[in-house]
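Residues per chain are reported as follows:
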Amino acid sequence: MTSQSGNNERKPGFLPIETNWFDRLFISVVIWVALSLFWMRFIEPSGLSVWFAAAISAVLGAYIVWKG
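Per an unreviewed UniProt entry, the protein chain is named DUF2160 family membrane protein, and its organism is Rhizobium hidalgonense.

Rendered as C-alpha coordinates:
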(Lines give C-alpha, C1' and ligand atoms only; values in the text may rest on other atoms or scores of the structure.)
Protein backbone atom coordinates (compact mmCIF):
# COMPACT_ATOMS: atom_id res chain seq x y z
CA MET A 1 0.00 0.00 0.00
CA THR A 2 1.22 3.43 -0.81
CA SER A 3 0.43 6.51 1.16
CA GLN A 4 -1.09 9.38 -0.76
CA SER A 5 -0.56 12.03 1.89
CA GLY A 6 1.13 14.24 -0.69
CA ASN A 7 -2.16 14.83 -2.47
CA ASN A 8 -3.80 16.30 0.64
CA GLU A 9 -1.18 18.98 1.16
CA ARG A 10 -2.20 22.50 0.30
CA LYS A 11 -0.06 24.46 -2.13
CA PRO A 12 1.18 27.76 -0.70
CA GLY A 13 -0.90 30.77 -1.66
CA PHE A 14 0.03 34.39 -2.14
CA LEU A 15 0.35 35.19 1.58
CA PRO A 16 4.00 35.30 2.66
CA ILE A 17 3.34 33.08 5.70
CA GLU A 18 2.13 29.52 6.18
CA THR A 19 -1.54 29.65 7.16
CA ASN A 20 -4.54 27.43 7.77
CA TRP A 21 -8.16 28.38 7.00
CA PHE A 22 -8.70 29.99 10.42
CA ASP A 23 -5.63 32.21 10.03
CA ARG A 24 -6.87 33.38 6.65
CA LEU A 25 -10.35 34.00 8.10
CA PHE A 26 -8.84 36.07 10.93
CA ILE A 27 -6.79 38.11 8.45
CA SER A 28 -9.97 38.73 6.46
CA VAL A 29 -11.85 39.97 9.54
CA VAL A 30 -8.99 42.31 10.47
CA ILE A 31 -8.99 43.71 6.93
CA TRP A 32 -12.78 44.15 7.11
CA VAL A 33 -12.53 46.15 10.34
CA ALA A 34 -9.66 48.28 9.05
CA LEU A 35 -11.37 48.99 5.73
CA SER A 36 -14.64 49.85 7.47
CA LEU A 37 -12.92 52.32 9.81
CA PHE A 38 -11.01 53.88 6.93
CA TRP A 39 -14.21 54.09 4.88
CA MET A 40 -16.20 55.73 7.71
CA ARG A 41 -13.47 58.29 8.32
CA PHE A 42 -12.52 59.32 4.80
CA ILE A 43 -15.01 58.10 2.18
CA GLU A 44 -18.44 58.01 3.81
CA PRO A 45 -18.53 61.81 4.40
CA SER A 46 -18.39 62.24 0.62
CA GLY A 47 -21.63 60.30 0.26
CA LEU A 48 -20.75 56.65 -0.36
CA SER A 49 -22.38 54.23 2.07
CA VAL A 50 -20.34 51.94 4.29
CA TRP A 51 -22.16 49.02 2.62
CA PHE A 52 -19.78 49.40 -0.30
CA ALA A 53 -16.89 48.78 2.08
CA ALA A 54 -18.68 45.72 3.45
CA ALA A 55 -19.14 44.33 -0.07
CA ILE A 56 -15.50 44.97 -0.97
CA SER A 57 -14.39 43.33 2.29
CA ALA A 58 -16.60 40.29 1.68
CA VAL A 59 -15.17 39.73 -1.80
CA LEU A 60 -11.60 40.32 -0.62
CA GLY A 61 -12.12 38.09 2.42
CA ALA A 62 -13.53 35.26 0.33
CA TYR A 63 -10.54 35.53 -2.02
CA ILE A 64 -8.07 35.47 0.89
CA VAL A 65 -9.69 32.45 2.53
CA TRP A 66 -9.93 30.62 -0.80
CA LYS A 67 -6.58 31.46 -2.41
CA GLY A 68 -4.47 32.91 0.44
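This part is about the packing of helix α1 (residues 21–43) against helix α2 (residues 50–67). In contact at an axis separation of 9 Å, α1 and α2 are set at 160 degrees when each is read in the N-to-C sense. The orientation of α1 relative to α2 falls into the category roughly antiparallel. As α1 packs across α2, the resulting crossing turns out to be right-handed. Listed contacts from α2 to R24, L25, S28, I31, W32, L35, S36, W39 and M40 of α1 are V50, F52, A53, A54, I56, S57, L60, G61, I64 and V65. Looking at the contact of α1 with α2 residue by residue, the class counts come to 14 nonpolar, four polar and one charged.

What follows covers the packing of aromatic side chains. Counting across every chain of the model gives three aromatic pairs. Ring centres of W21 and F22 lie 6.0 Å apart, and the angle between their planes is 90 degrees; on these two criteria the pair is classed as edge-to-face. If you follow K67 out to its NZ or CZ, it ends over the ring of W66, 4.6 Å from the centre.

All right, on to the UniProt feature "transmembrane region" (unreviewed entry) in the protein chain then. Annotation from UniProt places "transmembrane region" (unreviewed entry) at residues 21–42 and 48–66. Along residues 21–42, the helical share is 100% and the strand share 0%, with 31 Å between the first and last C-alpha atoms. Taken end to end, residues 48–66 has its terminal C-alpha atoms 28 Å apart, with 89% of it in helix and 0% in strand.

A contiguous nonpolar surface patch, about 1000 Å² in accessible area, is contributed by W21, F22, L25, F26, V29, V30, W32, V33, L37 and M40. Note that F22 resides in helix α1.

Our focus in this paragraph is the side chain of S28. If you trace the backbone, S28 turns up in helix α1. A distance of 2.9 Å separates a polar atom in the side chain of S28 from the backbone oxygen of R24. Ignoring anything within four residues of it in the chain, the contact list for S28 reads G61, I64 and V65.

Inspection of the secondary structure assignment puts F52 in helix α2. By relative accessible area, F52 is classed as partly exposed at 48%.

The rules behind the values
- Residues numbered from 1 in each chain as written.
- Predicted model: local features only at pLDDT ≥ 70, side-chain atom pairs only at ≥ 80, totals over all residues.
- Heavy atoms only, no water.
- Axes fitted to C-alpha atoms, helices over the stretch in contact; angles between N-to-C directions.
- Helix = DSSP H or I, 4+ residues; strand = E, 2+ residues; numbered from the N terminus.
- Parallel < 35°, antiparallel > 145°, perpendicular 65-115°, else oblique.
- Left-handed = near helix turned anticlockwise from the far one by under 90°.
- Contact = heavy atoms within 4.5 Å.
- Nonpolar A, V, L, I, M, F, W, Y, C, P; charged D, E, K, R; others polar.
- Phe/Tyr/Trp six-rings, centres within 6.5 Å; stacked < 30°, edge-to-face > 60°.
- Lys NZ or Arg CZ within 6 Å of the ring centre and 35° of its normal.
- UniProt positions renumbered as here; feature names shortened; annotations may be inferred.
- Patch = residues over 30% accessible without salt bridge, like charges linked within 9 Å, V, L, I, M, F, W, Y side chains within 5 Å.
- Areas by Shrake-Rupley, 256 points an atom, 1.4 Å probe, with all protein chains shown as cover.
- Salt bridge = Lys/Arg side-chain N within 4 Å of Asp/Glu carboxyl O.
- Polar contact = N/O pair within 3.5 Å; in protein donor to acceptor, adjacent residues only side chain to side chain.
- Buried < 20%, exposed > 50% of the residue type's maximum accessible area, 1.4 Å probe, protein only.

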